[in-house]
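These are the residues of each chain, in order.
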Amino acid sequence: KSDNATLIFSGNPVKFPYPEKDGLFEVYAPLTETTFKFQPDWKPLTDMTIDLDFVNAGLWMNAPTAKLGKVNGRNIEAIIADYAKHQLTVDADVDGDGIDVRDYMNGSPLKSSVGAALEQVEVKGNVSGRLQLDIPLDGKNAIAKGDITLKDNSLHIKPIDSTMENVSGTFS
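Just so it is clear, the model here is predicted, and its values are computed rather than measured.

Draft legend 1. Looking closely at the side chain of His156. Tracing the sequence through the fold places His156 in strand S9 (residues 143-157). Relative accessible area serves as the criterion here: at 19%, His156 is assigned to the buried category. Within the local environment of His156, its side chain forms a polar contact with the side chain of Thr163, the two groups lying 2.7 Å apart. When sequence neighbours within four positions are dropped, the list of residues in contact with His156 reads Gln120, Val121, Glu122, Asp161, Ser162 and Thr163.

Draft legend 2. The packing of aromatic side chains, seen in detail. In total, this model carries three aromatic pairs according to the counting rule given. For the pair Phe16 and Tyr18, a centre-to-centre distance of 5.9 Å together with 85° between the ring planes defines the contact as edge-to-face. When its relative accessible area of 1% is taken as the criterion, Tyr18 is described as buried. Relative to Phe25, the ring of Phe16 has its centre 5.5 Å away and its plane inclined at 80°; by these criteria the two rings are edge-to-face. Taken together, the aromatic side chains of Phe9, Phe16, Tyr18 and Phe25 make up a single cluster linked through ring pairs.

Draft legend 3. View of the pairing of strand S3 (residues 45-55). Inspection of the sheet shows strand S2 (residues 24-36) paired to S3 by eight bridges, in the antiparallel sense. Bridging from a neighbouring strand, Ala29 pairs with Leu52 of S3. Examined bridge by bridge, S3 and strand S4 (residues 58-68) share eight bridges and lie antiparallel to one another. Its bridge partner being in S4, Leu45 is matched across the sheet by Leu68.

Cut-offs and rules
- Residues numbered from 1 in each chain as written.
- Predicted model: local features only at pLDDT ≥ 70, side-chain atom pairs only at ≥ 80, totals over all residues.
- Heavy atoms only, no water.
- Helix = DSSP H or I, 4+ residues; strand = E, 2+ residues; numbered from the N terminus.
- Buried < 20%, exposed > 50% of the residue type's maximum accessible area, 1.4 Å probe, protein only.
- Polar contact = N/O pair within 3.5 Å; in protein donor to acceptor, adjacent residues only side chain to side chain.
- Contact = heavy atoms within 4.5 Å.
- Phe/Tyr/Trp six-rings, centres within 6.5 Å; stacked < 30°, edge-to-face > 60°.
- Pairing = 2+ DSSP bridges.

This is the structure:
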């Protein structure tokens, strides 16, 4: 839902998307009560307020909060700087219960990488972190990076059946 979208158009339409900066096409749309499903095999972001800013050949998206399953997302920034380059970058802060983070990752295309790691190392308690995704829009593999911060968590390492309590620290 958007109550206040704006459109700015200036320049010769033949020259769109204005690589020489001799025109401007911009659609700014602040959306509320939004659900966003990026791919069919990825759980949607829900309960999101997001600002979409289409400028010439790119798209900038900013969402202060969203839900990723039961996980909280904050300070979410997604950018397609140039449609011709077929690249989406996403940066977001996340926090939630370790089991909920694992479940969200297992319902995504990151199941075989991040999800698989979280199946072997079970984290109980609240975790927080920063997620960075580099997603090619031409079918190539995405790159996921990030940091997870633990504070007084329980960590069960399944392959060696060992549990550590009161674990604190950051890992990437």
